[in-house]
Amino acid sequence: MACNSSDQELQAQDQKINKFLQNVNHKILVMSGKGGVGKSTVATNLAVFLSNQGYKVGLLDVDVHGPSIAGLLGLTGLRLNTDGDQFQPYQYNDNLKVISIQGLLNQPDDPLIWRGPVKIGIIRQFLADVNWGALDFLIIDSPPGTGDEPLTVAQTVTDCQAVIVTTPQEIALADVRKSIQFCKKVNMPVLGIIENMSGFVCPSCGNMHAIFKSGGGEKTAADYNLPFLGQLPIDPNVVTAGDAGRSIDTLTSHTKESMQHIVEQFLQKLPTKQKGVEKTMKIAIPIVQGKLCTHFGHCEQFAIITIADGKIVKHETLTPPPHAPGVIPNWVADHGCTDIIVGGMGEAAQAILQQRGVKVSCGAPSDTPENLVAVYLRGELVDSGNTCDHEHGDHEHGHGCGGH
Ligand code: ADP
């Protein structure tokens, strides 16, 4: 893994890097002032949650001395493969590609004893020579502090934006202020601050306890006029999941909701979409005998249709779990659906879906999923006045949609 040195080589590498970056809509550097505040946990889960929503995401671990992304995603021990002169990223799921320095180590526990120029070289190589493809998001996990790695990213990925992770204690916040100043100096906008480990989720009762004063992250954000993206509690399940290579998405705790909220805030704070790849969509449609079932809560199956670049690339038919309040809307969101087309739906189900970032379109006629998707993509889905055709006492699958 040589560090390129000649001007010509550097120029050629710059060209490759720029070509790749042109195909990435949003570049995000996840930073922290201190180590151990949960920066890699947040970066990893941000990437996983975004990919579950149908975005194409690349997750790049540039924490050369303490790479933890591979472990957090259960990819420890996997070696990075090359295809021609390009590295092949790990494909964590349909939408998430991952590169970690750990994939270059003979043993996962081997330390890397590299000086600045070598580190800079490898980061540039991960931007130039990886088969990332077009991405909605490139999430870069940098080591704590303001050293070579974040500086290289700031200088190479010139339209990168920072997300800063902190814990509530003053000792961590003092270093966050340094990170904010760093971002100012290198001209990198800060998209927001996340406070991790703010309060404790009790493993016995599942309730949250404020074991030390939280809110320092929010106050620091306010002091610097920066967006605050939310808090994640201290949750022993996060450690267990992380150690087992599972994301927060697999938890059933309050922490998963908090992460979801952070992702929603994060998406809201993004600048209006510039040019770039079209978002991948995953559209859910409740069906019975191959056509839309107006009875959302009790349909036989769901058609789940994935769209990329305006075309259907995958068509799945899945059986939902048995009906109970809130179960099916959450099941739809858990499958990474970005949109749902229904005949009618009650307000409670709509509220859950909207909270989980799934766009609800009501009033669709009883037609095949393919026809409905084609009409939907043309923006011509008209509310037919179709409603849920079954009387129920709860609000989950009532008549019509939000006042239709
Ligand atoms: P950093 O990247 O800032 O060094 P990590 O993301 O590697 O921090 O997290 C350090 C440790 O803290 C890991 O064991 C991780 O599982 C744990 N951790 C992170 N966030 C939480 C949380 N909200 N609750 C409990 N443990 C957490």
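Residues numbered from 1 in each chain as written. Predicted model: local features only at pLDDT ≥ 70, side-chain atom pairs only at ≥ 80, totals over all residues. Heavy atoms only, no water.

By the naming in an unreviewed UniProt entry, the chain is Iron-sulfur cluster carrier protein, taken from Sporomusa ovata. Quoted verbatim from the Function (unreviewed entry) field of the UniProt record, the comment on the chain reads "Binds and transfers iron-sulfur (Fe-S) clusters to target apoproteins. Can hydrolyze ATP." For the chain, the Subunit (unreviewed entry) comment in UniProt is given as "Homodimer." (UniProt positions renumbered as here; feature names shortened; annotations may be inferred.)

Undergrad: I'd like to hear about the overall build of the chain, residue by residue, with values.
TA: Across its full length, the chain carries 12 helices and 17 strands. The proportion of buried residues among the 404 residues of the chain is 53%. In the structure as shown, the chain presents an accessible area of about 17800 Å², 49% of it carried by carbon and sulfur atoms. (Helix = DSSP H or I, 4+ residues; strand = E, 2+ residues; numbered from the N terminus. Buried < 20%, exposed > 50% of the residue type's maximum accessible area, 1.4 Å probe, protein only. Areas by Shrake-Rupley, 256 points an atom, 1.4 Å probe, with all protein chains shown as cover.)

Undergrad: An account of the pairing of strand E9 (residues 190-201) is requested, with residue identities and associated values reported.
TA: Within a regular strand, side chains alternate between the sheet's two faces. Most of E9 sits out of view: 10 of its 12 residues are buried. By the bridge criterion, five bridges tie strand E8 (residues 161-166) to E9 in an arrangement that is parallel. Note on E9: the bridge partner recorded for Ala-162 is Val-190. The sheet contact formed by E9 and strand E11 (residues 228-234) spans five bridges and is parallel. Among the inter-strand pairings, Ile-194 is bridged to a residue of E11, identified as Gly-230. (Pairing = 2+ DSSP bridges.)

Undergrad: Give me the site of the ligand: which residues, what numbers.
TA: Neighbouring residues of the ligand: 14 residues in total, closest Gly-36, Lys-39, Ser-40, Thr-41 and Pro-233. In the environment of the ligand, an oxygen atom lies 2.8 Å from a nitrogen or oxygen atom belonging to the backbone of Ser-40. Note that an oxygen atom of the ligand is positioned 2.6 Å from one of the side-chain N or O atoms of Thr-41. Those elements that provide at least two residues to the shell around the ligand are helix H2 (39-52), E9, E11 and helix H8 (236-243). Element by element, the count of residues in the shell around the ligand is highest for H2, at three residues. Counted by class, the shell around the ligand contains six nonpolar, six polar and two charged residues. (Near = heavy atom within 4 Å. Polar contact = N/O pair within 3.5 Å; in protein donor to acceptor, adjacent residues only side chain to side chain. Nonpolar A, V, L, I, M, F, W, Y, C, P; charged D, E, K, R; others polar.)

Undergrad: Any chance you could break down the side chain of Asp-249 for me, citing the residues and the numbers?
TA: Along the chain, the position of Asp-249 falls in the loop between H8 and helix H9 (254-269). Residues in contact with Asp-249, not counting those within four places in the same chain, are Asn-45, Val-48, Phe-49, Asn-52 and Lys-256. (Contact = heavy atoms within 4.5 Å.)

Undergrad: Hey, could you go over the pattern of salt bridges for me, with residue numbers and the actual values?
TA: Enumeration according to the criterion identifies 12 salt bridges in this entry. Put simply, Arg-124 and Asp-14 hold a salt bridge, and the shortest N to O gap is 2.9 Å. Of this pair, Arg-124 sits in helix H4 (residues 116-128) while Asp-14 sits in helix H1 (residues 7-22), and the two are 110 residues apart along the sequence. Looking at Asp-14, the relative accessible area reads 33%, which means it is partly exposed. Asp-334 is paired through a salt bridge with Lys-256; the nearest N and O atoms lie 3.3 Å apart. With a gap of 78 residues between them, Asp-334 in helix H10 (residues 327-334) and Lys-256 in helix H9 connect regions that are remote in the sequence. Each of Lys-34, Asp-175 and Lys-178 takes part in a single network of salt bridges with overlapping partners. (Salt bridge = Lys/Arg side-chain N within 4 Å of Asp/Glu carboxyl O.)

Undergrad: Describe H2, naming the residues involved and giving the relevant values.
TA: Taking 1.5 Å per residue as the helical rise, H2 with its 14 residues ought to reach 20 Å, and the 20 Å between its terminal C-alpha atoms agrees with that figure. Counting buried residues along H2, 13 of its 14 residues qualify, which places the element largely inside the surrounding structure. At the exit of H2 stands Gly-54, carrying a positive phi of roughly 100°. (Expected span 1.5 Å × (residues − 1).)

Undergrad: Please set out H9 residue by residue, giving values where relevant.
TA: Its 16 residues place the ends of H9 23 Å apart at the C-alpha level, agreeing with the 22 Å of an ideal helix rising 1.5 Å per residue. All of the buried residues in H9 are Thr-255, Lys-256, Ser-258, Met-259, Gln-260, Ile-262, Val-263, Glu-264, Gln-265, Phe-266 and Leu-267.

Undergrad: I'd like to hear about the UniProt feature "binding site: ATP" (unreviewed entry) in the chain, residue by residue, with values.
TA: What UniProt calls "binding site: ATP" (unreviewed entry) maps, in this numbering, to Gly-33, Lys-34, Gly-35, Gly-36, Val-37, Gly-38, Lys-39 and Ser-40. Looking at where Gly-33 falls in the secondary structure, it is placed in the loop between strand E1 (24-32) and H2. Ignoring anything within four residues of it in the chain, the contact list for Gly-33 reads Pro-144, Gly-145, Val-165, Asp-175, Val-176 and Ser-179. Looking at the element boundaries, Val-37 is found in the loop between E1 and H2. Look at Val-37 and you get buried, because its relative accessible area is 5%.

Undergrad: Talk me through the confidence of the model for the chain; I want residue IDs and the actual numbers.
TA: For the chain, the average pLDDT comes to 84, and 87% of its residues sit at 70 or higher. Counting contacts from residues 388-400, a segment whose pLDDT is below 50, to residues more than four positions away or on other chains yields 46 contacts. (pLDDT = per-residue confidence, 0-100.)

Undergrad: Requested: an account of the packing of aromatic side chains, with residues and values cited.
TA: Scanning all chains against the criterion turns up six aromatic pairs. With centroids separated by 6.1 Å and ring planes inclined at 20°, the aromatic side chains of Phe-20 and Trp-132 adopt a geometry described as stacked. Taken together, the residues span a long stretch of sequence, with Phe-20 in helix H1 and Trp-132 in the loop between H4 and strand E7 (135-141) at a distance of 112 residues. (Phe/Tyr/Trp six-rings, centres within 6.5 Å; stacked < 30°, edge-to-face > 60°.)

Undergrad: Lay out the environment of Lys-16 in plain terms, naming residues and giving numbers.
TA: When you line up the elements, Lys-16 lands in helix H1. Along the primary structure Lys-16 and Leu-127 are separated by 111 residues, whereas in three dimensions their C-alpha atoms are 8.1 Å apart. Separated by 2.8 Å, the side chains of Lys-16 and Asp-129 make a polar contact.

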